[in-house]
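# Structure at a glance
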Amino acid sequence: MTTQSVTITDINPSTTYTYNYTYLPPLAMVDVVPPAEGFSARPDWIAKVAAQALKILVNTIMIGIKSEGGIKPFADKLIAELAIAARQINAEAVLLEAIGQELLKHGFPNTLPKLKLFLEDVIKTVAETITEDALRDLVQIIVKLGTASGRPSSLEDYNELFQIIPLPPVSGNFRDDAVFAAMRVAGPNPVMIERMKALDVRLPITEEQYQSVMGTQDSLHAAIADGRLYLADYSVFDGVLNGSFPAAQKFSYAPLALFAIPPGGESLKPVAIQCTPQPGADNPIFIPQDGDNWLIAKTIVQIADANFHEAVSHLGRTHLFVEPFVLATHNQLSPTHPLFILLTPHFVGTLAINDAAQSNLIASGGFVDKLLSGSIDQSRVLAVKGAQSYLLNVNTSTLPQTLAQRGVDDSSSLPDYPYRDDALLLWNAIHQWIENYMSRYYTTDAAVQGDTQLQNWVAELVAHDGGRLNNIGAGNRISTRAQLVELVTMVCFTASAQHAAVNYPQGTLMTYAPAMPLGGYSPAPVTQEGSSVGDYLKLLPPLEGAELQMEILYLLGSVYFTRLGDYGDNYFTDPVIQNFLVQFQQELSKIEEEINHRNQTRTPYEFLLPSKIPQSINI
Ligand SMILES: [Fe+2]
């Protein structure tokens, strides 16, 4: 193989992307999204999002229509309301035309399942015509339309929110302890559990309590000695300001949740939950035998987990982590630089979706303010701190490093950890691809040091008037090929696999509010006694909140735009690189098979199937 020398240092970057540090201070974000990065530059992305948004609109209208009177009056009312909404985004004519075409093709849908299929086809046609502005208006129409309201009288009220949006299977089993444990290793936020090296004074569980769950043949000390005891620690929420927008007091919780693997076992079992980190008589330790209090305590963990998930694991450590890399890449690398060519497909849509997040989702009065437990300032601070936990510690925030730090990298101690096992397959495949790619351009470490554009790229990433990152390479310089490969692997992995792992569970596991409420609505119990089903229902979101949670998270969790490893035909012109790419794609196919195989004998975990991982953060 011949190796190309790096001949790009004399070509200047063509674009300037300006920083703004005031949107989510002090994080580096783009000041104004350049037209080439905007949603309008990608009509196929808009059509995909619009199709899901229209489905949500139909669902919202269906919740509000009483189905008495048979399918015909129901369908007539639904289409009439759909037409009113379509008129507001100048899509009424297209809608009526699409309905007419469907009627001609398939006739009138005389059952509810047929009506749903009929509407799915209509939606696809209308979605193709939606502009970026119309899409923004459509989302606002859905949010304002909200057709459910009030407190639930039973869980059935939440089930009825799912009309054309399918009721997720987790609605049927989320109260099982095994499902609660599986959330820690295969759920939306599978990054919390840490192996305990010693008992935690904040959680003074007795041997008797432990053995009442795990049996008298096991003990706390044996579990610690064997590495079978794990903690999910949400104390980051201790003392945070509670939100009350839009119309009810909300509560944040900082629980400590203890899990153990039985001797010789494979999977975590929930052992105990304490709802705040300070032990005391008014802060009981709940165990699975505690009836409704146990269900309430588990729900409190789910609420803390959902808040951590959205602010830290999803927004902070994927969306906001990648943003400064996008800016420095455009500012310092020429479009012909190999790193520019490699990275930019992994940045498609990221500036636009992050801009929409900061200006809309996490603005005062926005979705996060309405739904999350904390005040909006608190949620924003948490997202910034979450982003900084990685941005300021890049070298120690790679997947292998974070697994080791949490003591969960040893699969013999914790065999059942689908996220870890699948994520490592992807990390290794991406690492190999990046290593091969870089070997074509850098044959020595000196070549890395001598690439002025690359060095300027790193300098901008760590500059105070640049990306504000820290702990990159050695002394914030990339001096070796190994350091370069590690950093670029982290960026590509975060933009693809890691984002997929935390983004797509939103569309299923998180749409059903009782399984994972974004906000809590009553204080944690302070005694062992007295809780009832009614107390449990009081903890859950009001129906308007549950509806909005379903709508927004279904939208965010159901759009798949681009696919990992698919850079487009002939994107890389060098046949040697093309060959490396084929190897990478073959490796991804093998991983797909391996994950499908694993799913036959474990808690099925599909969020890291390569076919379901986009190249970039674009939703
Ligand atoms: Fe996302």
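Data block above holds the structure.
Below, the structure is looked at part by part. (Residues numbered from 1 in each chain as written. Predicted model: local features only at pLDDT ≥ 70, side-chain atom pairs only at ≥ 80, totals over all residues. Heavy atoms only, no water.)

## A word on the overall build of the protein
Along the protein, the regular secondary structure elements total 23 helices and seven strands. Since a compact globule built from 619 residues should have a radius of gyration of about 25 Å, the 25 Å found for the protein is in line with a globular shape. Projected onto its principal axes, the C-alpha coordinates of the protein cover approximately 70 × 70 × 45 Å. Within the protein, the proportion of its 619 residues that are buried is 58%. Restricting the contact set of the protein to residue pairs at least 6 apart, pairs at least 24 apart contribute 76%. Accessible area for the protein stands at about 23,800 Å²; split by element, carbon and sulfur atoms hold 53% of it. Across the protein, the 39 positively charged side chains and the 63 negatively charged ones have centroids separated by 2 Å. (Helix = DSSP H or I, 4+ residues; strand = E, 2+ residues; numbered from the N terminus. Rg over C-alpha atoms; globule rule 2.2 N^0.38 Å. Buried < 20%, exposed > 50% of the residue type's maximum accessible area, 1.4 Å probe, protein only. Contact = heavy atoms within 4.5 Å. Areas by Shrake-Rupley, 256 points an atom, 1.4 Å probe, with all protein chains shown as cover. Lys, Arg positive; Asp, Glu negative; His and termini not counted. Charge placed at Lys NZ, Arg CZ, Asp CG, Glu CD.)

## A look at the coordination of the iron ion
Looking at the iron ion, one finds its protein donor set to be H314 (NE2), H319 (NE2), H499 (NE2), N503 (OD1) and I619 (O), positioned 2.2 to 2.5 Å from the metal centre. Sequence spacing of the donor residues for the iron ion, all on one chain, is H-x4-H-x179-H-x3-N-x115-I. Remark: N503 occurs in helix α20 (residues 481–503) and H314 occurs in helix α11 (residues 291–332); sequence separation between them is 189 residues. Accessibility classification places H314 together with N503 in one group, the buried group. (Donors = N, O, S within 2.8 Å, 3.2 Å for Na, K, Ca; no water.)

## A short note on the pairing of strand β4 (residues 229–233)
Burial within β4 is extensive, with four of its five residues counted as buried. Pairing geometry for strand β3 (residues 194–195) and β4, over two bridges, is antiparallel. Residue pairing for β4: R195 is matched across the bridge by Y230. Here β4 runs beside strand β5 (residues 256–260); their pairing, made up of five bridges, is antiparallel. Pairing of D233 across the sheet is with L256, part of β5. (Pairing = 2+ DSSP bridges.)

## Details of the pattern of salt bridges
Tallying each qualifying case throughout the model produces 21 salt bridges. Here R602 and D422 are joined by a salt bridge, their closest N and O atoms 2.7 Å apart. Note that R602 is positioned in the segment after α23 (575–598) and D422 in helix α17 (residues 418–441), a separation of 180 residues in sequence. According to the relative accessible area criterion, R602 is buried, its value standing at 17%. The closest approach of N and O atoms between R598 and E594, which form a salt bridge, is 2.8 Å. Here E594 and R598 lie together in helix α23, a separation of four residues that amounts to about one turn. The partly exposed category is assigned to E594, whose relative accessible area is 30%. Sharing partners across several salt bridges, the network here consists of D422, E594, R598 and R602. (Salt bridge = Lys/Arg side-chain N within 4 Å of Asp/Glu carboxyl O.)

## Focus: the nonpolar core
Ranked by internal contacts, the top residues of the largest apolar core, which has 203 residues, are W433, M438 and W457. In terms of residue count, the dominant contributor to this core is α11 (20 residues). For W457, the residues in contact, after removing those within four places along its chain, are F325, A328, T329, Q332, L333, L339, L343 and L487. If you look at the next biggest cluster of nonpolar residues, it comprises 18 residues, including V213, M214, L231 and A272. (Core = buried A, V, L, I, M, F, W, Y, C linked by side-chain atoms within 4.5 Å.)

## A few points about unusual backbone geometry
Most peptide bonds adopt trans geometry, and most residues besides glycine take a negative phi value. For the bond from P25 to P26, the omega torsion is 0°, close enough to zero to count as cis. Turning to its location among the elements, P26 is positioned in the loop between β1 (19–20) and β2 (29–30). For the peptide bond that leads from F245 to P246, omega is 5°, which places it in the cis range. Positive phi, close to 60°, is recorded for N476, a residue that is not glycine. Position of N476 among the secondary structure elements: in the loop between α19 (452–462) and α20. The partly exposed category is assigned to N476, whose relative accessible area is 22%. In this model, N570 sits at a positive phi of 55°, which is unusual for a non-glycine residue. Tracing the backbone shows N570 in the loop between α22 (543–556) and α23. Using a relative accessible area of 66% as the deciding quantity, one classes N570 as exposed.

## Describing helix α2 (residues 71–88)
Helix length check: α2 (18 residues) gives 26 Å between terminal C-alpha atoms against 26 Å at 1.5 Å per residue, within 8%. Buried within α2 we find F74, A75, L78, I79, L82, A83, A85 and A86. Seen along its axis, α2 keeps its buried residues to an arc of 165°; they face one direction. For α2, the secondary structure elements touched by its buried residues are α1 (43–64), α3 (92–106), α4 (112–127) and α5 (132–145). Positive backbone phi, approximately 55°, marks N90, located one or two places after α2. (Expected span 1.5 Å × (residues − 1). Arc of directions from axis to C-beta.)

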